[in-house]
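# What the coordinates show
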Amino acid sequence: MTNTSEAHPANSTANTRVIVGMSGGVDSSVAAWLLKDHGYQVEGLFMKNWDEDDGTEYCTAMTDLADAQAVADAIGIKLHTASFAAEYWDRVFEHFLSEYQAGRTPNPDILCNKEVKFRAFLDYAVTLGADYIATGHYARQRPIADAPGKAQLLKGLDPNKDQSYFLHAVSGDRIARTLFPVGELEKPEVRRIAEQQGFVTHDKKDSTGICFIGERKFKDFLKQYLPAQPGDIETPDGQKIGRHQGLMYHTIGQRQGLGIGGLSEFGDEPWYVAQKDLSRNVLIAVQGKHHPLLFSRGLVSGPIDWVAGEPPAQSFRCKAKTRYRQPDQDCEVVLIEGGVRVDFDDAQRAVTPGQSVVFYDGDVCLGGGVIEETWRDGEPLPARLTGTRPQEETA
Ligand SMILES: Nc1ncnc2c1ncn2[C@@H]1O[C@H](COP(=O)(O)OP(=O)(O)OP(=O)(O)O)[C@@H](O)[C@H]1O
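Described in the following lines is the structure provided in the data block. (Residues numbered from 1 in each chain as written. Predicted model: local features only at pLDDT ≥ 70, side-chain atom pairs only at ≥ 80, totals over all residues. Heavy atoms only, no water.)

### A few points about the sheet that holds strand 10 (residues 271-277)
- The strand order 9-8-11-10 describes an open sheet built from four strands, whose pairing is mixed. Each edge of the sheet is formed by a strand with only one pairing partner; in this case those strands are strand 9 (240-244) and strand 10. Between one strand axis and the next, the sheet turns by 30 degrees as a mean value, whatever way the strands run.
- Note that strand 8 (residues 231-234) and strand 11 (residues 282-287) share two bridges and pair parallel. Residue pairing for strand 11: isoleucine 233 is matched across the bridge by leucine 283. (Pairing = 2+ DSSP bridges. Helix = DSSP H or I, 4+ residues; strand = E, 2+ residues; numbered from the N terminus. Axes fitted to C-alpha atoms, helices over the stretch in contact; angles between N-to-C directions.)

The following block contains the structure:
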């Protein structure tokens, strides 16, 4: 576990008060236990981010709270509860919907970490007397010797579980106030500890997908909030090959759910989403997982959240991920007005506007931002990089 007494030699764990985010999952159960075992003053905080008013089977919050309470009792710590549903709605969900409406595929977990877990939750934990908060994220932090109150965000030690991608938008001063006890462990070890301690959560399956959607069908969920706008699916040369129910239901690179088939002139090769033409409400599909139209050479992003508060340089080489769990990719980053330009050494498959690009220097997560536009080999650069619209260049 990251040793806070290294960062604050005057503090011993016995008088360091830590509020652990307890979700009723196995990772935060073990995080709380590890902290207690290391002698910290530990209390848990279960938060509700979503007001379930549909009373359906999708409402798992009550079971999760009961599990968190059972683990807190087993460890012998107090469990607080709080609702951040208003903050979640205003700062995460509305943005999530507007991104979908604009044809992009957002990642609400990144915004949830930035705005709720490491802001509303952290601020509330401070009112409960917390010196630190802790979560069950697979990530690590390292205090910066010559920058008191700031820390670096590092990948979790378990390469299969590293969650730094989702945490990149949290500033270094908030990372410095967080402990990540399971970030030093591999997942099987975490499950082993939970089992050894007899936690009800020891065999609970990992949460998947977006927290408020739970197990319900994504399409049905979105339909409640955004009107579906059906349109055509076309090949890149404009041949109509099917219908879609709404561009928002589709993601670049996606294979499933296109409902294209039985078009004898095209053969059996599967179809993939290559592009969304928002102006015509048309989805462009191509055949074959490795079709060149699925590969981007570079991207431009919106504003970047740098964990350190500032970029390492005006331009630099580093590694990047354009989605969770993607192996690190070599690239060059150049700061531009309102974001960065990223040129990849190797063309990247399915780089998706609305998702985030996250930068790494070895294990250190530098920060990242939302992907706005991409370009392919041989294509003109986006207008933001040239100052002229591509059409005007050829006019
Ligand atoms: N409802 C909640 N209340 C308090 N803390 C939460 C809640 N949901 C998530 N967290 C905190 O954020 C961490 C990461 O959440 P995530 O949803 O990614 O779950 P996870 O990685 O499956 O972890 P866990 O096994 O603890 O649920 C959790 O380990 C926990 O510390």
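### What about helix 5 (residues 108-127)?
- When the local axis directions of helix 5 are compared, the greatest deviation, roughly 30 degrees, occurs at phenylalanine 121.
- Considered for burial, the residues of helix 5 that qualify are Pro108, Ile110, Cys112, Asn113, Glu115, Val116, Phe118, Ala120, Phe121, Leu122 and Ala125.
- At the N-terminal boundary of helix 5, the capping side chain belongs to asparagine 107, with an oxygen 3.1 Å from the backbone nitrogen of aspartate 109.
- Taken from the residues just after helix 5, glycine 129 is the one with a positive phi, measuring 95 degrees. (Bend = angle between axes of the 7 residues up to and from the residue. Buried < 20%, exposed > 50% of the residue type's maximum accessible area, 1.4 Å probe, protein only. Polar contact = N/O pair within 3.5 Å; in protein donor to acceptor, adjacent residues only side chain to side chain.)

### Points about the pattern of salt bridges
- The final tally for this structure, using the stated rule, is 23 salt bridges.
- With a closest N to O distance of 2.7 Å, lysine 204 and aspartate 67 form a salt bridge. One end of the pair, lysine 204, is in the loop between helix 8 (187-196) and helix 9 (218-223); the other, aspartate 67, is in helix 3 (residues 61-75), and 137 residues separate them in sequence.
- Owing to a relative accessible area of 22%, lysine 204 belongs among the partly exposed residues under this scheme.
- Across the salt bridge formed by aspartate 305 and lysine 114, the nearest N and O atoms sit 3.2 Å from each other. Of the two residues, aspartate 305 sits in strand 12 (residues 295-306) while lysine 114 sits in helix 5, which places them 191 residues apart along the sequence.
- By relative accessible area, aspartate 305 is classed as partly exposed at 25%.
- Among the charged side chains, a salt-bridge network with shared partners connects Asp64, Asp67 and Lys204. (Salt bridge = Lys/Arg side-chain N within 4 Å of Asp/Glu carboxyl O.)

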